[in-house]
Structure formats: C-alpha cells, structure tokens
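# Remarks on the overall topology
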2 protein chains.
Amino acid sequence: MPIRKLTMIATAAALTAASLAYAGSHLTQTQQRAVDARQSQMQLNGFNIGALGAMVQERIPYDAEAAAAAAANLAALASIDQTRYWVEGTDSSVEGTRAKPEIWADMAGFTAANAALAEATTDLAAVAGDGLDAMKAAFGPVGKACAVCHEVYRVPNN
Amino acid sequence: MPIRKLTMIATAAALTAASLAYAGSHLTQTQQRAVDARQSQMQLNGFNIGALGAMVQERIPYDAEAAAAAAANLAALASIDQTRYWVEGTDSSVEGTRAKPEIWADMAGFTAANAALAEATTDLAAVAGDGLDAMKAAFGPVGKACAVCHEVYRVPNN
C-alpha cells in the first residue's frame, strides 16, 4: 500500500478517535473548563477537610497551626464566586460529572447550601487554632454542610 | 478452567496493574494528594485568569461584575496556605508534576514569589470592577507574577 494511502488512513483513524472522544464527553470547551474548575475546587475542599477530619477523629495529633491554616483555606475556597461553574448542559447526564440536575432546577437552594458552607467554614476558621475541643465543635456544622449538599445535589460515588 | 482459578488470575492481574500504576507514579498517598491539590489550585488560577485575560485582550466584552468576581477569586486562591503542598519527593523528577527542584532549594524565594502574586491579585481585586482601563493596569502585575514564578519554578510545558 502506498505511503500516502497509509497516511490518509492513519489521519482518518486519528480524526475518528478525536470525534469519539468529543462525542463521549459531549462538552464544549467552556463546559469542560467549568467542570474542571468545580472538580478542582472539590479536590481542594477535600484536601483541607481531610487534614481537619484526621485531627477530629484523632488519627493524627491536633496541630493548632495546621488546623487554623486548613480552616482558613476552606473559608477562602467557600468565598469563591461560582457563577461560571454551573454552565447549562453540565449535569450528570453527561460523562465525567456527578452534578445532579437539581442544581439547575433549584439554583436558589443550591446557592443557600453554598452560603451555609461559607458561614460554617468562617466560624471554623475563627476557632480552629484554639484547641482540639473548640475545633471539633465548629467542625460539626462544616461536615453537615458538606453532607447535606452532597446528598441533595450530587450523585453518589458508586 | 475452574471459576476459582479464573478468579485468582483476574485478581493477580488486577494487583499487577495496581502495582504498575503505583510504580509508575512513585508517590505515596500524601505526596499524590499534595500534587493533586496544587494542580487543582493552578487549574482554578487558570480558570479565573483566563476570563480576565480574554477581557484584557478584548476577545470578550468587559463585564464589571464578572471581572470583579474573577479577580476576587484569584485573591482568595492566592491567600491559601500552601504548607502542605510542597511535600519532599514531589518535584519534576517524578512523573506527573512540573515543579522544579528550585522550589525546595529556594523555599524563601518561592514563598516571596507567592506573596508577590497575593499582593498583585489583591490590588487587582480592588479595581477590577472599575472599568476596563483600571482592570488592565492592575492585570499587568498579576500576569508578571505568574510569568516570573513559572519561569523560575516550573518546567515548561512542551
């Protein structure tokens, strides 16, 4: 088979693979960036919650400085404006996101859930460096804010 | 072949695949989480810088509210404590990160570069909603802070 024909086949195959990848995700660049951004934010939430949770459960020793830093990080993350995250067409009916359609159907409720997290993390940041008991007491509402929002607005991770 | 034997083979194959994946990354869970967290933060920086950059370059119309939100987001992100990001053994000698060894060799310089970004983003957030000219003027130092830090502390993306 001539080289040119092989090249054409290879190009066609590459284009088909690219089309399939696109068809598989069904997302525009704007949509994909929004999904990536909100998943990055959840990753950072988890990174900081994880450190605090380990102290709350006494799997690692309480460290006032580390606790205060993680709590301040959570409060900073919760303050981030999410307007550009919730682009139409990026709910769990497309691949790669567990965002329930309820987010778009009930944006007011979803916004309120985020505001509850912002309030709880701000309260936690105010006391996280004041000892394990103070931190534990303020950690509860943060965990609850996470759980309530995940329950209503996120598809479980099976 | 009996089912039990097939199951054992499948389990062995899965374990081998898991070991190879681990050997490929060379990272402990703590190291991997740190790399994921800092990459998430860079993703969010890019998401917000991208929106502002498009306005600065006039590829999209200036939008005071959107500009103010993106700038505030950048300032919030720059305020995040990065103590747990720079775990030993997570420089560009391992797969999946472009963090130069210079970060660890010159942590004071790196911290100062991050402080410069925090200052520039705070300045930008103060004026980003005050019109395109004001935003453009304050955007310059943010872009410079990004560029300087990438040049010195990050392997180029080839």
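Predicted model only: the values in this text are computed from it and were never measured.

Conventions we followed
- Residues numbered from 1 in each chain as written.
- Chains lettered and ligands numbered in written order.
- Predicted model: local features only at pLDDT ≥ 70, side-chain atom pairs only at ≥ 80, totals over all residues.
- Heavy atoms only, no water.
- Contact = heavy atoms within 4.5 Å.
- Buried area = accessible area lost by both parts, 1.4 Å probe.
- Salt bridge = Lys/Arg side-chain N within 4 Å of Asp/Glu carboxyl O.
- Polar contact = N/O pair within 3.5 Å; in protein donor to acceptor, adjacent residues only side chain to side chain.
- Helix = DSSP H or I, 4+ residues; strand = E, 2+ residues; numbered from the N terminus.
- Core = buried A, V, L, I, M, F, W, Y, C linked by side-chain atoms within 4.5 Å.
- Buried < 20%, exposed > 50% of the residue type's maximum accessible area, 1.4 Å probe, protein only.
- Least-squares fit on C-alpha atoms with pLDDT ≥ 70 in both.
- Axes fitted to C-alpha atoms, helices over the stretch in contact; angles between N-to-C directions.
- Parallel < 35°, antiparallel > 145°, perpendicular 65-115°, else oblique.
- Left-handed = near helix turned anticlockwise from the far one by under 90°.
- Nonpolar A, V, L, I, M, F, W, Y, C, P; charged D, E, K, R; others polar.
- Phe/Tyr/Trp six-rings, centres within 6.5 Å; stacked < 30°, edge-to-face > 60°.
- Lys NZ or Arg CZ within 6 Å of the ring centre and 35° of its normal.

Right, let's talk about the interface of chain A and chain B for a bit. Often, the extent of an interface is quoted as the loss of accessible area on bringing the components together. Each partner contributes residues to the interface: chain A has 20 residues there, and chain B has 20 residues. For the pair chain A and chain B, the summed buried area comes to about 1,700 Å², and 66% of that belongs to carbon and sulfur atoms. Put simply, chain A and chain B have zero salt bridges between them. Between the two partners, chain A and chain B, sit four residue pairs in polar contact (both at pLDDT 80 or more). Listing elements by their share of the side of chain A that touches chain B, those giving two or more residues are α2 (29-56) and α3 (64-78) of chain A. With 11 residues, α2(A) is the single largest residue contributor to the side of chain A that touches chain B.

Among the nonpolar cores identified, the biggest contains 30 residues, and Y85(A), W86(A), I103(A), Y85(B), W86(B) and I103(B) are the most heavily contacted of them. Aside from chain neighbours lying at most four places away, what touches W86(B) is R38(B), A99(B), I103(B), W104(B), M107(B) and F110(B). Counting residues in each nonpolar core, the second largest holds 17 residues, with A78(B), L117(B), F139(B) and V142(B) among its members.

With that settled, consider the relation of the copies chain A and chain B. For these two chain copies, the linking operation is a rotation about an axis paired with a shift along it. In the superposition of chain A on chain B (RMSD 0.0 Å, axial shift 0.0 Å), the rotation amounts to 180°. In symmetry terms, the pair is related by a two-fold rotation axis. Considering only C-alpha atoms, the residue of chain A closest to the rotation axis is S40(A), which sits at 2.2 Å. Comparing contact sets, 100% of the residues at the interface of chain A also lie at the interface in chain B, consistent with an isologous, same-surface contact.

Residues and elements named next belong to chain B. Scanning all chains against the criterion turns up two salt bridges over all chains. Two residues, K136 and E58, come together in a salt bridge whose shortest N-O distance is 2.8 Å. In this pair, K136 sits in helix α6 (residues 132-153) while E58 sits in the loop between α2 (29-56) and α3 (64-78), placing the two residues 78 residues apart along the sequence. Overall, the relative accessible area of 52% leaves E58 in the exposed class.

What follows concerns the packing of α2(B) against α6(B). Residue and element names in this part refer to chain B. In contact at an axis separation of 10 Å, α2 and α6 are set at 140° when each is read in the N-to-C sense. Between α2 and α6, the angle falls in the class oblique. Our pair here, α2 against α6, has a crossing hand that is left-handed. On the side of α2, the interface is formed by M42, I49, L52, G53, M55 and V56, while α6 contributes L132, M135, K136, F139, V142, C146 and H150. Split by residue class, the contact of α2 with α6 holds 10 nonpolar, two polar and one charged.

This brings us to the packing of aromatic side chains. Counted according to the given criterion, the structure contains 10 aromatic pairs over all chains. Arranged with centres 5.1 Å apart and planes meeting at 70°, the rings of F110(A) and Y153(A) form a pair that is edge-to-face. With F110(A) in helix α5 (residues 107-127) and Y153(A) in helix α6 (residues 132-153), this residue pair connects regions lying 43 residues apart in the sequence. For the residue pair F110(A) and Y153(A), the accessibility class agrees, reading buried in each case. On the numbers, 6.3 Å between centres and 70° between planes, the contact of Y85(B) with W86(B) is edge-to-face. We note that Y85(B), like W86(B), is buried. An aromatic cluster of three or more residues is present, and its members are F47(A), Y85(B), W86(B), W104(B), F110(B) and Y153(B). Just above the ring of F47(B) sits the side chain of R84(A); from NZ or CZ to the centre is 3.9 Å.

Note that every value here comes from positions in space, so none of it alone points to a role or purpose.
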